[in-house]
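Below are the chains, spelled out letter by letter.
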Amino acid sequence: MKSLLKMSWMEAKLFLREPASAFFTLVFPLIYLFLYGAISGNEPTPMYGGQRTIEVAIPSLTAVIIAMAGLMSNTMTMATYREKGILRRLRTTPVSPLVVLVAQVIVTFVMTLLGMVLLVVAGRLVFGVRFTGNVFSLLAGFTLGSLSFFSIGFILAGIMPTVRTAWVAAMVIVYPMLLLSGAFFAVEVLPPFVQKISSFIPLTYIVNLLRGLWSGEPWSSHLRDVAVLVGMLVLGVGLAAKTFRWE
Amino acid sequence: MNTVVHVESLRKTYGATVAVEDLSFDVREGEIFGMVGPNGAGKSTTIECVEGLRRPDRGTLQVLGLDPQRESRQLRERTGIQLQQSNLPDRMKVWEALDLYAAFYPHPADWRELLTRLGLEEKRDTAFAHLSGGQKQRLFIALALLPDPQLVFLDELTTGLDPQARHAIWDLVRDVRGRGKTVFLTTHFMEEAERLCDRVAILDHGRIVALDTPAALIHAFGTGERIVFDITGGLPASFAAALPAGATCEIHEGRVTITGRAGNHEDPANGSANCPASLVSAVVALLTAQQIPFRDLRSEQPSLEDVFLSLTGRQLRE
């Protein structure tokens, strides 16, 4: 327990010292929020059922943070730790690999949460965004979405032989996901064919769930999203444990 | 004396390559035990099997009375390991690394004291990436000493360091032994093994070809003493003929090298006429008697490096 706490604290400090990861989870989504606010104005949009674009943007950008933190930051940290022999060094101590992984999950989760909180605060203060859902529901959906997504990063780091290939793989996966999941713009405006592809993208389910919970929709109307995300979580944790390598 | 590491008939293969074969040795409590050998001789494989980081194919291993595979957790609590290749995150500071790793052990040594002992106090707040090679290596030694271990493994600890850093680290290792700990190290610097180790095992092609104290190895396998001097004229044939038995004489561009064994005190039957107590006095006496002018005469004692080369050959490896 003591080693897990120390490790998580250390990883949190390292996360914040790494400009790229801190930027993509904490600053980059805020920039997008302001861009949306500036471009789309505050008019209610019929496409979003009368919600303003800026209000839809917050859960969508939260999904972007989850994707960035889970895929980019997690993958790069773990792949770098392996390639540079940092895991090798840890292996010479009595610390269990579980502690290493759990600390990484805790830190990525807390940073992602921090990213979302920053979005909400900025949205409220600058654009007067309305929140019509339940805070605990939103947090539960956020937790499910984050944890099910983070395992992808660990799996990538486990199966890719080097940091460079892991980085390329993460980029190749993350960009189409961001574009086609509805995280950046509504899937509803895309042609039906592309909308079909969208349903094969894991991030889509996070976007749907978070948007719904944000506007106060009940869980019962998102059973499919929940089922997919729970499935991903179970499968992801299993695969991540299987693909874990010290070196 | 107690045995800290017991290895019997160790065998490890990687695919078709046999890394080590039928390796047996003991490391005794309180000694600095060194393992030397050309690249690919099996040093790292052996030390990693003993550390429990690799699973041997065959053989019995006992380290501090534990099985390195089945009781690896207990073993890691009681041993300190410095790896040949490892790193810390670039932005981790020196004190943070020590503080973090200390949390992994049930009874860690005081890292603040280690910081001072290893001369890293000034670098306390320096990020890992900004340390020099010697400072990184000292930090890794500090991490290896953190569990307050009974046994410390040091794999190639001075590779890539300048002579100052190397000597400083040798002093540290002697200090570790002085505190009653056992040190098991590998190196490919023969000078390091000769100066630092109490006993040395020479490995070649996955087998131990010799194991003893450096002095005993030199005595048993040394090519003998070398006398080197310069002459201006030629060397009469009568000079070489009059050399002690077994001594060879080579001339190259006016520089004479005579190689031979010093007096063999264990074999009095050999007679003192043919085999004087010291090769150098015989050569000087001969030069004086034959009135041969010479300059810059010096005598070179055999080193562990000579033993190593005579046992493992001069062929390039890899």
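Reading the values: the criteria
- Counting restarts for each chain, with residues numbered from 1 along the sequence as it is written.
- Labels follow written order: the first chain is A, the first ligand is 1, and so on.
- For this predicted model, a pLDDT threshold of at least 70 governs which residues receive local features, and a threshold of 80 or more governs which side-chain atom pairs are given and counted, while totals over whole chains, interfaces and linings are taken from all residues.
- Heavy atoms from the whole structure form the basis of all side-chain values; hydrogens and water molecules are not counted.
- Both cavities and pockets are sets of points on a 1 Å grid over the protein atoms alone; in a cavity a 1.4 Å probe fits but cannot get out, in a pocket the set is open with protein on both sides within 12 Å along at least five of seven lines, and lining residues sit with an atom within 4 Å of a point.
- Grid points are joined across faces, edges and corners, and a volume is the space filled by probe spheres set on the points.
- Each helix is a run of DSSP H or I of at least 4 residues and each strand a run of E of at least 2, with the numbering of both proceeding from the N terminus.
- Note that Gly is not counted as nonpolar here; it falls among the polar residues with everything else outside the nonpolar set of Ala, Val, Leu, Ile, Met, Phe, Trp, Tyr, Cys and Pro and the charged set of Asp, Glu, Lys and Arg.
- Surface patches are drawn from residues lacking salt bridges whose relative accessible area is over 30%; two like charges belong together within 9 Å, two nonpolar side chains (Val, Leu, Ile, Met, Phe, Trp, Tyr) within 5 Å.
- The method behind every accessible area is Shrake-Rupley, applied with a 1.4 Å probe, and residues are considered shielded solely by the protein chains displayed.
- Salt bridges are defined by distance alone: a side-chain nitrogen of Lys or Arg within 4 Å of a carboxyl oxygen of Asp or Glu.
- Throughout, nonpolar core names a set of buried Ala, Val, Leu, Ile, Met, Phe, Trp, Tyr and Cys residues whose side chains join them through atoms within 4.5 Å.
- Burial classes follow relative accessibility: with a 1.4 Å probe on protein chains only, a residue under 20% of its type's maximum area counts as buried, one over 50% as exposed, and anything between as partly exposed.
- Contacts between residues were defined by any pair of non-hydrogen atoms, one from each residue, lying within 4.5 Å.
- DSSP calls a pair of strands paired once it identifies at least 2 bridges connecting them.
- Note on geometry: axes are lines fitted to C-alpha atoms, helical ones only across the stretch in contact, with angles between N-to-C directions running from 0 to 180 degrees.
- Stacked, tilted and edge-to-face pairs are distinguished by plane angle, under 30 degrees for stacked and over 60 for edge-to-face with tilted covering the rest, among Phe, Tyr and Trp rings (Trp via its six-membered ring) whose centres lie within 6.5 Å.
- Put simply, a charge is over a ring when the Lys NZ or the Arg CZ is close to the ring centre, within 6 Å, and near the line of the ring normal, within 35 degrees.
- The quantity called pLDDT is the predictor's confidence in a given residue, expressed from 0 to 100.

A.B. asks: Sorry, what's going on with empty space enclosed by the protein here?
C.D. replies: As enumerated under the stated definition, the model contains five cavities of 30 Å³ or more in all. In this model, the largest cavity occupies a volume close to 50 Å³. Contributing to the lining of the largest cavity are M7, E11, Y81, I86 and L90 of chain A together with L88, P89, M92, L100 and Y101 of chain B. Mapped by element, the contributors of at least two residues to the lining of the largest cavity are α1 (2-17) and α4 (86-91) of chain A together with α3 (94-102) of chain B. Within the lining of the largest cavity, the residues separate by chemical class into nine nonpolar, no polar and one charged.

A.B. asks: What should I look at first to understand a nonpolar patch on the surface in this one?
C.D. replies: Taken together, the side chains of F23, F24, V27, I31, L35 and I39 of chain A present a nonpolar region at the surface, about 520 Å² in accessible area. Mapped onto the elements of the fold, V27 of chain A is located in helix α2 (residues 19-40).

A.B. asks: I tried to follow the nonpolar core on my own but got confused; where do I start?
C.D. replies: Considering soluble globular proteins, one finds that nonpolar side chains tend to be buried as a cluster. Grouped together as the largest cluster of nonpolar side chains are 75 residues, with contacts concentrated most on L90 of chain A together with L98, L146 and V173 of chain B. Element by element, the count of residues in this core is highest for helix α5 (residues 133-145) of chain B, at seven residues. In this structure, L90 of chain A is in contact with M7, V95, V100 and W246 of chain A together with Y101 and F104 of chain B, ignoring residues within four places of it in sequence. Membership of the second largest hydrophobic core comes to 48 residues, among which are A57, M72, A183 and I201 of chain A.

A.B. asks: What am I meant to see in the sheet that holds strand β12 (residues 255-260) of chain B here?
C.D. replies: Residue and element names in this part refer to chain B. Spatially, β11-β12-β10-β13 is the arrangement adopted by the four strands of the open sheet, whose pairing is antiparallel. Among the strands making up the open sheet, the edge pair consists of β11 (248-252) and β13 (294-300). Neighbour-to-neighbour, the strand axes of this sheet turn through a mean angle of 15 degrees, independent of strand direction. Two elements, strand β10 (residues 225-231) and β13, share five bridges in a ladder whose sense is antiparallel.

A.B. asks: Sorry, what's going on with the packing of aromatic side chains here?
C.D. replies: Here the distance between the centres and the angle between the planes together describe a pair of aromatic rings. Counting across every chain of the model gives 18 aromatic pairs over all chains. Arranged with centres 5.9 Å apart and planes meeting at 45 degrees, the rings of F34 of chain A and F127 of chain A form a pair that is tilted. Of this pair, F34 of chain A sits in helix α2 while F127 of chain A sits in helix α5 (residues 97-127), and the two are 93 residues apart along the sequence. An angle of 75 degrees between the planes, with centres 5.4 Å apart, marks the rings of F244 of chain A and W246 of chain A as edge-to-face. Just as F244 of chain A is buried, W246 of chain A falls in that class too. The rings of F23, F24, F28, Y32 and Y36 of chain A are connected pair by pair, giving a single aromatic cluster. Taking NZ or CZ as reference, R112 of chain B lies 4.2 Å from the ring centre of W111 of chain B, over its face. For K136 of chain B, the ring lying beneath its charged end belongs to F128 of chain B, and the centroid distance is 4.9 Å.

A.B. asks: Whenever I open this one, the pattern of salt bridges confuses me. Can you help?
C.D. replies: Between side chains of opposite charge, a pair can form when the charged atoms approach closely. Residues and elements named next belong to chain B. Counting across every chain of the model gives 25 salt bridges over all chains. Where D110 meets R112, a salt bridge forms, and the shortest distance between an N and an O atom there is 3.6 Å. Note that K181 is salt-bridged to D148, the shortest N-O span being 3.0 Å. In this pair, K181 sits in the loop between α6 (163-178) and β7 (182-187) while D148 sits in the loop between α5 and β6 (151-155), placing the two residues 33 residues apart along the sequence. The buried category is assigned to K181, whose relative accessible area is 13%. When salt bridges that share partners are traced, they join E113, R117, D175 and R179 into one network.

A.B. asks: Teacher, can you tell me more about the confidence of the model for chain B here?
C.D. replies: Segments scoring low in pLDDT should not have their predicted coordinates read at a detailed level. Of all residues in chain B, 94% attain a pLDDT of 70 or more, and the chain-wide mean is 88. Low pLDDT (under 50) marks residues 264-276 of chain B, which in the prediction has 11 contacts with non-local residues, meaning those over four places away or in another chain.

A.B. asks: How should I be thinking about the layout of surface pockets in this particular structure?
C.D. replies: Rolled over the atoms, a probe with the dimensions of a water molecule shows which regions are left empty. Residues and elements named next belong to chain A. A volume near 660 Å³ is recorded for the largest pocket. If you trace the largest pocket, you find 27 residues lining it, with E18, S21, M76, T77 and T80 closest to the centre. Listed by contribution, the elements that provide at least two residues to the lining of the largest pocket are α1, α2, α3 (53-83), α5 and α7 (163-180). Sort the elements by how many residues they give to the lining of the largest pocket and α3 lands first, with eight residues. A per-class count over the lining of the largest pocket returns 16 nonpolar, six polar and five charged.

A.B. asks: Would you mind showing me how to read the sheet that holds strand β9 (residues 207-212) of chain B here?
C.D. replies: Strand-to-strand pairing in sheets goes through backbone hydrogen bonds, with the strands running parallel or antiparallel. Residues and elements named next belong to chain B. Taken in spatial order, the six strands make up an open sheet running β5-β6-β7-β3-β8-β9, and their pairing is mixed. Looking along the sheet, the strands with just one partner apiece sit at the ends: β5 (79-82) and β9. Going across the sheet, the axis of each strand differs from the next one's by a mean of 15 degrees, ignoring polarity. Both β5 and β6 contribute to a ladder of four bridges, which runs parallel. Within β6, the position partnered with G80 by the bridge is V152. Against the sheet, helix α1 (residues 43-51) makes contact with β3 (32-36), β5, β6, β7 and β8 (199-204), and its axis sits at roughly 155 degrees relative to β6, the strand it touches most.

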